[in-house]
Amino acid sequence: MIGKLKGLVDSYGEDFVILDVNGVGYVVHCSARTLQRLPPPGEATDLAIETHVREDMIRLYGFRSDAEREWFRLLQTVQGVGTRVALGVLSVLEPGALASAIATGDKGGIARAPGVGPRLAARLVAELKDKAPAFAPIDPALIALTGAVEDRTAPQPVADAISALVNLGYPQVQASAAIAAALKAGGEGAEAKVLIRLGLKELAK
């Protein structure tokens with residue numbers, strides 16, 4: 001099995017790069033984000049490789065980091081996610097952002113990926129939520145808060161403050177993160193108007 005390739009970029013296709021390794025050209029399929037970060041033809045690069053072997057073919061998938069490759073594997077453990085959808089998700093979200101989106105339940109952010117509808121985005125969040133924090137430095141308080149909002153168990157002032165920030169145009173995840181920080185500054189018993197004020201200060205930083 002091939003785990004890494006280092007060579008010269010020969011040429012690019014729509015969703016792959018041909019990597020020249022000592023005169024042998026390897027076709028390596030990559031996310032759009034990875035392809036954009038590779039150098040022009042003739043320059044050297046290296047890629048972490050995931051090898052898929054079937055009866056009728058061998059296909060190589062390339063990644064700029066081991067974290068991206070690990071997410072490629074993790075995403076495919078969810079029913080309905082194959083290699084194409086996994087690469088689509090990684091084209092839209094880099095590993096840290098994907099971990100944050102899943103940990104905080106940002107289904108909308110994940111659904112931006114090609115081939116991922118609201119139902120599949122919800123399944124990805126539900127099945128990978130416990131694994132996501134290992135891949136990003138996410139505040140546990142934020143994860144707990146977003147879970148409480150999702151389950152409608154968050155204190156009313158907290159829910160109202162997040163709702164107010166969302167109504168002002170901030171994304172749900174950004175609003176939740178700001179109110180999580182506001183809670184630390186204002187205390188658990190802070191009123192909604194105090195949390196909103198502190199949350200806006202956080203967002204202005």
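Computed from a prediction, not measured in an experiment: that's the story for all the values here. (Residues numbered from 1 in each chain as written. Predicted model: local features only at pLDDT ≥ 70, side-chain atom pairs only at ≥ 80, totals over all residues. Heavy atoms only, no water.)

### Thoughts on the packing of helix H2 (residues 66-75) against helix H3 (residues 83-92)
The interhelical angle for the contact between H2 and H3, taken along N-to-C directions, is 135°, at an axis separation of 9 Å. Judged on the interaxial angle alone, H3 and H2 are oblique. Our pair here, H2 against H3, has a crossing hand that is right-handed. Judged by residue contacts, Glu68, Trp71, Phe72 and Leu75 of H2 engage Thr83, Ala86, Leu87, Val89 and Leu90 from H3. (Axes fitted to C-alpha atoms, helices over the stretch in contact; angles between N-to-C directions. Helix = DSSP H or I, 4+ residues; strand = E, 2+ residues; numbered from the N terminus. Parallel < 35°, antiparallel > 145°, perpendicular 65-115°, else oblique. Left-handed = near helix turned anticlockwise from the far one by under 90°. Contact = heavy atoms within 4.5 Å.)

### Quick notes on the layout of surface pockets
Put simply, the largest pocket is a space of about 350 Å³. The wall of the largest pocket is formed by 18 residues, among which Asp15, Cys30, Thr83, Arg84 and Leu87 lie closest to the centre. Elements with a contribution of two residues or more to the lining of the largest pocket: helix H1 (32-37), strand S5 (58-63) and H3. Counted by class, the lining of the largest pocket contains 8 nonpolar, 5 polar and 5 charged residues. (1 Å grid on protein atoms, 1.4 Å probe; cavity = no way out; pocket = protein on both sides within 12 Å on 5 of 7 lines; lining within 4 Å. Points joined across faces, edges and corners; volume = space filled by probe spheres on them. Nonpolar A, V, L, I, M, F, W, Y, C, P; charged D, E, K, R; others polar.)

### Some words on the nonpolar core
By size, the foremost hydrophobic cluster in this structure holds 28 residues, and its most contacted members are Trp71, Leu75, Ile110, Val116 and Leu124. Mapped onto this core, the elements with two or more residues apiece are S5, H2, H3, helix H4 (95-103) and helix H6 (118-128). Of the residues forming this core, the biggest block, 6 residues, is contributed by H3. Not counting residues within four places of it along the chain, the set of residues in contact with Val116 comprises Val85, Val89, Ile110, Ala111, Ala121 and Leu124. Of all hydrophobic cores here, the second largest spans 13 residues; its members include Leu165, Ala175, Ile179 and Leu198. (Core = buried A, V, L, I, M, F, W, Y, C linked by side-chain atoms within 4.5 Å. Buried < 20%, exposed > 50% of the residue type's maximum accessible area, 1.4 Å probe, protein only.)

### Describing the packing of aromatic side chains
The final tally for this structure, using the stated rule, is 2 aromatic pairs. Aromatic side chains Tyr61 and Phe72 sit 5.1 Å apart centroid to centroid with 40° between the ring planes, which places their arrangement in the tilted category. Pair noted here: Tyr61 is in strand S5 and Phe72 is in helix H2, with a separation of 11 residues, a long-range link. Relative accessible area serves as the criterion here: at 0%, Phe72 is assigned to the buried category. Plain terms: the ring middles of Phe63 and Phe72 are 4.9 Å apart, the flat faces sit at 45° to each other, and that makes the pair tilted. A relative accessible area of 0% means that Phe63 is categorised as buried. Feature note: the residues Tyr61, Phe63 and Phe72 constitute an aromatic cluster, connected by ring pairs. (Phe/Tyr/Trp six-rings, centres within 6.5 Å; stacked < 30°, edge-to-face > 60°.)

What is shown is where atoms sit, not what they do.
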